[in-house]
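Chain and residue survey
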Amino acid sequence: MPEGHTLHRLANDLSAAFAGTAPRVSSPQGRMAESAALVDGSVLEQASAHGKHLFLDFAGDRVIHVHLGLIGRFTLAPFAPPTGQVRLRLADERTAADLRGPQLCALRTPAEVSAQVARLGPDPLRADADPDRAWQRIHRSGKPIAALLMDQSVLSGVGNVYRAEVLFRNRLAPMTPGNRLQARSWKAIWSDLVELMPIGVRDNRIDTVRHEHTPDAMGRPPRVDDHGGEVYVYRRNGMPCLVCGREVRTQLLEGRNLFWCATCQRRR
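Anyway, here's the lowdown on the structure attached to this text. Remember, predicted model here, so these are calculated numbers, not experimental data.

As for the sheet that holds strand E6 (residues 88–91)
Pairing is antiparallel in the open sheet, where four strands are placed in the order E1-E6-E7-E5. Pairing within the sheet leaves two strands with one partner each, and these edge strands are strand E1 (24–26) and strand E5 (73–78). Shown here is a sheet whose adjacent strand axes are inclined to one another by a mean of 15°, direction ignored. Pairing between E5 and strand E7 (residues 95–100): six bridges, direction antiparallel. Across the sheet, Thr-75 pairs through a bridge with Asp-98, a residue of E7. Each of E5, E6 and E7 touches helix H1 (residues 4–18); the most contacted strand, E5, lies at about 35° to it.

In structure tokens form, the structure reads like this:
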């Protein structure tokens, strides 16, 4: 599932392509035809993201709400006739943005969007984010911090990669209960996310290793993975830790694979 940086990057790209204009909006697949007709030819005021949710704000207080889910894709390309199962299309004479396979695509009112956002935790990529909202949930919970970081009602936009990497970078044992976490540890996690996630937006990939652990600095081959980016533990199970050399571990936690180094991540 795409993490928050992907949605913010997509919002930026859609705004750059269509904000302030009145794109043609259609549903070639037909499933969004009625809603698309209501905003077709309306001015797209902005595209924005909160966590893993994308919002397209059209004039007339109409908002298209998109959640990509596991297989959804929203792609921008030079204009060409649509192919395949395109749920939603925004287009002008130069560019077409096609949405395929989303978990959710629905027309909302601003009040409905506000209610949705109120159910989400703070997003480290947003200037209006309040990390104390997340901390209030975390330090009252007995669930592992590795589970809480993935809970979108606690913290928005963090997925499996950023979860594993910020815990490693802060040397935190992933099974540490939230109510055992110290406030300074939470502040360090939040600061790390605020630093790393904008880099993901800019580069459209997740890089988390510090300079001394890059391929050039260590004289090692670059990571080859369809997710891209240089990481410490994510999907490196069975491989040597870049810091201590011990084997990176993995286990299932609430339906998702967790990756960590038991030697480096001893701190509770």
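So that's the structure; there's more coming.
What about a positive patch on the surface?
Among the surface-exposed residues, Arg-171, Arg-246, Arg-249 and Arg-266 lie close enough to one another that they form a single positively charged patch. Relative to the elements of secondary structure, Arg-246 occurs in the loop between helix H8 (215–218) and strand E9 (249–253).

Section: the sheet that holds strand E3 (residues 53–58)
Whether parallel or antiparallel, the strands of a sheet pair through hydrogen bonds between backbone atoms. Here we have four strands laid out as an open sheet, ordered E2-E3-E4-E8, and antiparallel in their pairing. Looking at the sheet topology across the chains shown, the edges are occupied by strand E2 (44–50) and strand E8 (104–108). The sheet shows a mean angle of 15° between the axes of neighbouring strands, direction not considered. Sheet topology note: the E3/strand E4 (residues 62–67) ladder contains six bridges and is antiparallel. Residue pairing across strands places Phe-55 opposite His-65, the latter belonging to E4.

Digging into the pattern of salt bridges
Inspection of every chain in the model, using the stated rule, returns 13 salt bridges. One salt bridge in this structure joins Asp-98 and Arg-100, with 3.9 Å as the shortest N-O distance. Under the relative-accessibility criterion, Arg-100 is labelled partly exposed at 26%.

Here's the deal with the environment of Ala-17
Here Ala-17 is to be found in helix H1. We classify Ala-17 as buried; its relative accessible area is 18%. Expressed as a C-alpha distance, the spacing of Ala-17 and Leu-76, which sit 59 residues apart in the sequence, is 8.8 Å. In this structure, Ala-17 is in contact with Leu-76, Asp-92 and Thr-95, ignoring residues within four places of it in sequence.

Cut-off values and rules
- Residues numbered from 1 in each chain as written.
- Predicted model: local features only at pLDDT ≥ 70, side-chain atom pairs only at ≥ 80, totals over all residues.
- Heavy atoms only, no water.
- Pairing = 2+ DSSP bridges.
- Helix = DSSP H or I, 4+ residues; strand = E, 2+ residues; numbered from the N terminus.
- Axes fitted to C-alpha atoms, helices over the stretch in contact; angles between N-to-C directions.
- Contact = heavy atoms within 4.5 Å.
- Patch = residues over 30% accessible without salt bridge, like charges linked within 9 Å, V, L, I, M, F, W, Y side chains within 5 Å.
- Areas by Shrake-Rupley, 256 points an atom, 1.4 Å probe, with all protein chains shown as cover.
- Salt bridge = Lys/Arg side-chain N within 4 Å of Asp/Glu carboxyl O.
- Lys, Arg positive; Asp, Glu negative; His and termini not counted.
- Charge placed at Lys NZ, Arg CZ, Asp CG, Glu CD.
- Buried < 20%, exposed > 50% of the residue type's maximum accessible area, 1.4 Å probe, protein only.

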